[in-house]
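Inside the fold
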Amino acid sequence: TYVVTDNCIMCKYTDCVEVCPVDCFYEGENTLVIHPDECIDCGVCEPECPADAIRPDTEPDMEAWVEFNRKYSEQW
Ligand code: SF4
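Residues numbered from 1 in each chain as written. Predicted model: local features only at pLDDT ≥ 70, side-chain atom pairs only at ≥ 80, totals over all residues. Heavy atoms only, no water.

What about the packing of aromatic side chains?
When we look at a pair of aromatic rings, we describe it by the centre distance and by the angle of the planes. Note the following rule: Two aromatic rings, drawn from Phe, Tyr or Trp (for Trp, its six-membered ring), form a pair once their centres lie within 6.5 Å of each other, and the interplanar angle then sorts them: stacked below 30 degrees, edge-to-face above 60, tilted otherwise. Numbering of helices and strands runs from the N terminus; a helix is a DSSP stretch of H or I covering at least four residues, while a strand is a stretch of E covering at least two.
Summed over all chains, the structure comprises two aromatic pairs. Each ring, one from Trp65 and one from Phe68, has its centre 5.2 Å from the other, and the planes form 75°; the classification is edge-to-face. On the criterion of helical spacing, the pair formed by Trp65 and Phe68 is a turn pair, its members being three residues apart in helix H2 (residues 63-73). Taken together, the aromatic side chains of Trp65, Phe68 and Tyr72 make up a single cluster linked through ring pairs.

The structure is reproduced here in structure tokens:
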């Protein structure tokens, strides 16, 4: 899955949401979030993010961000 990280805080762009083929972005408290079970790992959103906030969970130490994204995407 891809995850939204802290660079998203206060970002006002939603380019990522518009390109996601499966609509798995949700509104968190201060950030957008990606539902980890709905993301199909296509990677299309990553280059669209002007804040470089979207990272693949294959990078080191991403577990906490996966849980953060899950928590706020499942509140709806
Ligand atoms: Fe959506 Fe693809 Fe980004 Fe996952 S990687 S959030 S499916 S655009």
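Structural notes on the side chain of Asn69
Which entries qualify depends on this criterion: Contacts are assigned to residue pairs that have any heavy atoms within 4.5 Å of one another.
You can see Asn69 is positioned in helix H2. In this structure, Asn69 is in contact with Val3, Val4, Val33, Ile34 and Pro36, ignoring residues within four places of it in sequence.

Topic: the environment of Val33
Positionally, Val33 belongs in strand E3 (residues 32-34). Apart from the residues within four sequence positions on either side, Val33 is in contact with Val4, Cys24, Phe25, Tyr26, Gly28, Phe68, Asn69, Tyr72 and Ser73.

Some thoughts on the pattern of salt bridges
Where charged atoms of side chains with opposite charge meet at close range, the side chains can pair. Heads up, the condition is: Whenever Lys or Arg places a side-chain nitrogen within 4 Å of a carboxyl oxygen from Asp or Glu, that contact is recorded as a salt bridge.
Using the criterion set out here, one finds six salt bridges in the structure. Note that Arg55 is salt-bridged to Asp52, the shortest N-O span being 2.9 Å. Of the charged contacts, one joins Glu59 and Arg55 as a salt bridge, the two residues approaching to 2.8 Å between their closest N and O atoms. A network of salt bridges, in which partner residues are shared, links Asp37, Glu67, Arg70 and Glu74.

Examining unusual backbone geometry
Of note, the phi angle at Met10 is positive, near 75°, even though the residue is not glycine. Turning to its location among the elements, Met10 is positioned in the loop between strand E1 (2-4) and helix H1 (15-19). Although it is not a glycine, Asp23 sits at a positive phi angle of roughly 50°. Examined against the element boundaries, Asp23 turns out to sit in the loop between H1 and strand E2 (25-27).

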